[in-house]
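Residue-level structural notes
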Amino acid sequence: MAEVKENSKQKQPSTKKEEVVIAIKGLKKSFGEKHVLKNINLEVHRGENVVILGRSGTGKSVTIQCIIGMLKPDGGTVKVFGDDVAEMNEKELKELRIKMGFLFQSGALYDSMSVRENLEFPLTRVLKIKDQAEIDKRVEEALESVGLLDAIDKMPSDLSGGMRKRAGLARTIIVEPEIILYDEPTTGLDPITSREISDLILSIQKKQKTTSIIITHDMECARIASDRVVIMNDGEYLAEGTFDQLHKSKDKIVGSYFQDIL
Ligand SMILES: Nc1ncnc2c1ncn2[C@@H]1O[C@H](COP(=O)(O)OP(=O)(O)OP(=O)(O)O)[C@@H](O)[C@H]1O
Ligand SMILES: [Mg+2]
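In this text, all values refer to a predicted model and were calculated from it rather than measured experimentally.

On to the overall build of the chain. On a plain count of helices and strands, the chain comes out with 10 helices and 10 strands. In terms of overall size, the chain behaves like a compact globule, its C-alpha atoms giving a radius of gyration of 19 Å where 262 residues would be expected to give roughly 18 Å. Sorting the 262 residues of the chain into buried and exposed places 49% on the buried side. Contacts spanning at least 24 positions in sequence make up 68% of the contacts within the chain whose residues lie at least 6 apart. Only carbon and sulfur atoms are counted for the fraction: they give 50% of the accessible area of the chain, which is about 13,200 Å². Charge centroids of the chain, computed over 39 positive and 42 negative side chains, lie 4 Å from each other.

The structure is reproduced here in C-alpha cells:
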C-alpha cells in the first residue's frame, strides 16, 4: 500500500491493542483478465466504523462480497472473528451472517410484505423466535430507533426512498448484529435525508456497539459516521487516516476526494 506519509505518522498506536473483528490480508480478486482487487489489507477493530472511499468500479462492493462469503478470493484471506470466511461451510456461513448484517443500496425490502412483516421475517425465520409479544416489541423498538414507527403497516411501495432506507436499516439492526456492512447507504437520497441516515449509522454504532464498514461516495456521510477512512485506488488501498487527517493530505488523489470540502 502506498501510504500517505504524513498520515502514517499520526496513526493512533492505541488501536493495536484492540480486538480485530475483520482482518483482510493480501486480498486478490480477478474476473477474467480484469484484476479488480490486487492487494487489499485492512483490519477493522471492535466498535470501529471504517469508511471506504473509492471511484466507481474500484472493487468496493467486491470487497464486501468477499467479506460475507458471496465471492471467493483468488488470493489472500478474509477473517471475521478470527475465522477464514473462504473456509466456512454453508452452516458456518449462515451462523456468521446472523452476526453480520448488511444494508444493500436498494434497502432490499420484500415488496409484497408490509414494513411490519419485513421486520418480523428475520426474527421468525433467522432467530426462530415464536413469542409474538417479543416479536411485536422488537419490531416496534427497531422502527422507533429509525423514526419509522408511524409507517409500521405501510407497504414498501408507499414509502419514499429515505423511508425505505430506514426500513432496511431497521430490518438489519433488529437481529442486533455485531457487524454491519453498509454499501452506499445514502446514495439517491437528498442531502437532509442523507444526513439523517448518516446520523443513524453513528447512533447505531454507539447504542449497539457495532463494528461497521461503510462504503460511500458521500463525503458528509464519511465525515459524520467514520472513525477511520480508507481510500481505494486501482485495486489497492492508497491511504488511510481519520477524516481530518486525510482532509489535510497533500497527496493529489487523496486531495481530489476532499476538494469540495471546507
Ligand atoms: N460477479 C462479477 N463478475 C464479473 N465482474 C464483476 C463481478 N462483480 C464485479 N465485477 C467487476 O468488478 C469491478 C468492481 O466492481 P464493484 O461493484 O466492486 O465496484 P465498486 O467499487 O463497488 O463501484 P461503485 O462505486 O460503482 O459501486 C467492476 O469492473 C465490475 O464490473
Ligand atoms: Mg459498489
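Around ligand 1, the structure places 13 residues, and the nearest of them are K34, S56, G57, K60 and H217. One nitrogen or oxygen atom from the side chain of S56 is found 2.8 Å from an oxygen atom belonging to ligand 1. In this structure, an oxygen atom belonging to ligand 1 sits 3.2 Å away from a side-chain N or O atom of E184. Taken by itself ligand 1 offers 630 Å² of open surface, and the protein chains cover 61% of this. Those elements that provide at least two residues to the shell around ligand 1 are strand 2 (34–45) and helix 2 (60–67).

Turning next to helix 5 (residues 132–145). For helix 5, which comprises 14 residues, the first-to-last C-alpha distance of 20 Å matches the rise-based estimate of 20 Å (1.5 Å per residue) to within 8%. Taken as a whole, helix 5 has its buried residues at I135, R138, V139, A142 and L143. Projected down its long axis, helix 5 shows its buried positions confined to an angular sector of 125 degrees, all on one face. Along helix 5, the residues that are exposed and aim more than 90 degrees away from the buried face are A133, K137 and E144. Residues of helix 5 that are buried in the fold lie against helix 4 (115–126) and helix 6 (161–173). Where helix 5 starts, the residue carrying a side-chain oxygen 3.1 Å from the main-chain nitrogen of A133 turns out to be D131. Backbone geometry just after helix 5 places G147 at a positive phi near 70 degrees.

On average, the chain scores 89 in pLDDT, and the residues at 70 or more come to 92%. Between residues 1–15, whose pLDDT stays under 50, and residues either more than four places distant or in other chains, the model counts 25 contacts.

On the secondary structure map, R228 appears in strand 9 (residues 228–233). The spatial distance from the C-alpha of R228 to the C-alpha of V51 is 6.3 Å, given a sequence separation of 177 residues. The residues touching R228, leaving out its near neighbours within four places in the chain, are L42, E43, V44, H45, E48, N49, V50, V51, E240, G241 and T242.

Next up on the list: the pairing of strand 3 (residues 49–54). Counting buried residues along strand 3, six of its six residues qualify, which places the element largely inside the surrounding structure. Side-chain alternation along strand 3 places N49, V51 and L53 on one buried face and V50, I52 and G54 on a second face that is also buried. Looking at chain direction, strand 3 and strand 8 (residues 211–215) are connected through four bridges and run parallel. Considered in strand 8, the bridge of I52 is made with I215. Note that strand 3 and strand 9 share five bridges and pair parallel.

With respect to burial, strand 7 (residues 179–183) is a largely interior element, five of its five residues being buried. Residue alternation in strand 7 divides its side chains into two sets, I179, L181 and D183 and I180 and Y182, and both sets are buried. Note that strand 6 (residues 100–103) and strand 7 share four bridges and pair parallel. Bridge pairing in strand 7 places G101 opposite I180. When strand 7 meets strand 8, the two strands line up parallel, connected through five bridges. Within strand 8, the residue paired with I180 across the bridge is S212. Read as a crossover between parallel neighbours, the route from strand 7 over helix 7 (residues 191–208) to strand 8 is right-handed.

Cut-offs applied
- Residues numbered from 1 in each chain as written.
- Chains lettered and ligands numbered in written order.
- Predicted model: local features only at pLDDT ≥ 70, side-chain atom pairs only at ≥ 80, totals over all residues.
- Heavy atoms only, no water.
- Helix = DSSP H or I, 4+ residues; strand = E, 2+ residues; numbered from the N terminus.
- Rg over C-alpha atoms; globule rule 2.2 N^0.38 Å.
- Buried < 20%, exposed > 50% of the residue type's maximum accessible area, 1.4 Å probe, protein only.
- Contact = heavy atoms within 4.5 Å.
- Areas by Shrake-Rupley, 256 points an atom, 1.4 Å probe, with all protein chains shown as cover.
- Lys, Arg positive; Asp, Glu negative; His and termini not counted.
- Charge placed at Lys NZ, Arg CZ, Asp CG, Glu CD.
- Near = heavy atom within 4 Å.
- Polar contact = N/O pair within 3.5 Å; in protein donor to acceptor, adjacent residues only side chain to side chain.
- Expected span 1.5 Å × (residues − 1).
- Arc of directions from axis to C-beta.
- pLDDT = per-residue confidence, 0-100.
- Pairing = 2+ DSSP bridges.
- Right-handed = clockwise from strand over helix to strand, strands pointing away.

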